[in-house]
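The residues making up each chain are set out below.
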2 protein chains.
Amino acid sequence: MVEPTSPLPGLVQDDNVLHQNVLHRISEELATRFQGVFTPETVERYVFESYTGLARSAKIRAHLPAITSRFAKDRLTALAQSKGLAAKDVPEVLFVCVHNAGRSQMAAALLAHHAQGRIHVRSAGSMPIEHLEPSAVAAMQEIGLGLEEEFPKPLTDDVVRAADVVVTMGCGDSCPVYAGKRYLDWHLEDPAGKTVEQARAIRDDLDTRIRGLLNDILDR
Amino acid sequence: MVEPTSPLPGLVQDDNVLHQNVLHRISEELATRFQGVFTPETVERYVFESYTGLARSAKIRAHLPAITSRFAKDRLTALAQSKGLAAKDVPEVLFVCVHNAGRSQMAAALLAHHAQGRIHVRSAGSMPIEHLEPSAVAAMQEIGLGLEEEFPKPLTDDVVRAADVVVTMGCGDSCPVYAGKRYLDWHLEDPAGKTVEQARAIRDDLDTRIRGLLNDILDR
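Structural notes, computed from the coordinates. Treat the numbers as computed from the prediction; the structure is a model and nothing was measured. (Residues numbered from 1 in each chain as written. Chains lettered and ligands numbered in written order. Predicted model: local features only at pLDDT ≥ 70, side-chain atom pairs only at ≥ 80, totals over all residues. Heavy atoms only, no water.)

What chain A contains, in helices and strands, is seven helices and four strands. Overall, chain A shows an N-to-C arrangement of helices and strands of α-α-α-β-α-β-α-α-β-β-α. Relative to a compact globule of 220 residues, whose C-alpha radius of gyration would be 17 Å, chain A shows 18 Å and is just as compact. Counting only residues that meet the buried cut, chain A has 55% of its 220 residues in that class. Summarising the internal contacts of chain A: among those between residues at least 6 apart in sequence, 70% fall at separations of at least 24. Summed over its atoms, the accessible surface of chain A is roughly 9300 Å², and 52% of this surface lies on carbon and sulfur atoms. Of the charged side chains in chain A, 24 are positive and 30 negative; the average position of the first set lies 4 Å away from that of the second. (Helix = DSSP H or I, 4+ residues; strand = E, 2+ residues; numbered from the N terminus. Rg over C-alpha atoms; globule rule 2.2 N^0.38 Å. Buried < 20%, exposed > 50% of the residue type's maximum accessible area, 1.4 Å probe, protein only. Contact = heavy atoms within 4.5 Å. Areas by Shrake-Rupley, 256 points an atom, 1.4 Å probe, with all protein chains shown as cover. Lys, Arg positive; Asp, Glu negative; His and termini not counted. Charge placed at Lys NZ, Arg CZ, Asp CG, Glu CD.)

Below, the structure written as structure tokens:
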């Protein structure tokens, strides 16, 4: 009736133990970086919850510790910003779509490109999937914006709180609405399962909106 | 180019402001309950991140604050247990499936029923959906186990850490593997989109496994 105590393949178990050692090291590094801002316990919680949040949709586990490190660091930075414990030198814009695999990734890359440091950009998804949409990656590559380093991330409260502008695309009202922020809801095609040609049209539609948004934010 | 600053319907915005007031009240209540264990800041983070985690897959927002309160309280309890800051009177069993809408919910209800307080049970999903599977709810109702109060919850690190036994069902290796826990991987049908008759067969298959697991845990 009761199956063996460790039915998971040995490699997975080994991977996990290895990951935990790496996660503890990441926690220590981030605890040093956020010293005086967050306790080591808070940092460790963020690292391990970020890992579990990413692991839920990740099929390839090899890169998990590396992206966990980036995700946790970004979330802790966002939290520190929203609490006034870290400087916010430029406006923060958050793009949210469903999978954080196409639209929100393209939008974030376009705005970061056009803003040239005058705006900081984040993206997230209400139901993140395993990897970015190949058509979206290809269409962005054509204009010289590589998305190879990007990965789908679940929407978290901290990044919403840190944002000045939140742009939602197709994710319904899954994003918390806080007073004092500007919310935009953009309706545009999802590149999921589309051809590169179709993704190109979405990219260009996004580019026009992003240029308008950039001017609008910088004019304020 | 740039759309109106508040394109979300007024009701949603009102709902959100209302929810935030309720979430602050929930945070205060839980901070009192966990006084001396966790700081009010940690409790508030758990409440708001739990809300955002649930909101990502919830289409009906009316019940969100109530289930956030239960989810955050359970997660904080799990965290306190795993850190040795709260008593763990009985073994903890965690069931994980993909949607936390069928298999893991049925398994949790069956084990809680048979264990009669001798085991504490939790459940979670790697990709939780909006609501429980109607066929699973109906099949459980037939044997007098109501699932009306249950809701799909995302898998978090805290509940894995608190568990003595983790049973995974169809969720791949999305669940972190920690040393010193017992992991079981059960292969059985998913009641998603199935008839009540089919869900009944899954329920009976689960019931046999659950009785075996219960005896096995209590015999140790």
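Resuming the write-up.
We now examine the environment of A:Ala201. All names here are of chain A. Position of alanine 201 among the secondary structure elements: in helix α7 (residues 196-219). Given the relative accessible area of 48%, alanine 201 is considered partly exposed. Note: C-alpha distance between alanine 201 and leucine 64 (137 residues apart in sequence) is 32 Å.

Quick look at the interface of chain A and chain B now. Facing 53 residues of chain A, the contacting portion of chain B comprises 53 residues. Summed over both sides, the interface of chain A with chain B buries roughly 4800 Å², with 54% coming from carbon and sulfur. Ranking the residues of chain A by area buried against chain B places A:Arg45, A:Arg56 and A:Val177 at the top, with a combined share of 15%. Between the two partners, chain A and chain B, sit six salt bridges. The salt bridge involving A:Arg61 is made with B:Asp173; its shortest N-O contact spans 3.7 Å. (Buried area = accessible area lost by both parts, 1.4 Å probe. Salt bridge = Lys/Arg side-chain N within 4 Å of Asp/Glu carboxyl O.)

Considering only enclosed or pocket space, the largest pocket measures out at about 680 Å³ in volume. What lines the largest pocket is a set of 38 residues, and nearest its centre among them are A:Arg45, A:Tyr46, A:Glu49, B:Arg45 and B:Tyr46. Counting residues per element, the ones that place at least two in the lining of the largest pocket are α2 (40-55) and α3 (64-82) of chain A together with α2 (40-55) and α3 (64-82) of chain B. Of the residues that constitute the lining of the largest pocket, the class distribution is 16 nonpolar, ten polar and twelve charged. (1 Å grid on protein atoms, 1.4 Å probe; cavity = no way out; pocket = protein on both sides within 12 Å on 5 of 7 lines; lining within 4 Å. Points joined across faces, edges and corners; volume = space filled by probe spheres on them. Nonpolar A, V, L, I, M, F, W, Y, C, P; charged D, E, K, R; others polar.)

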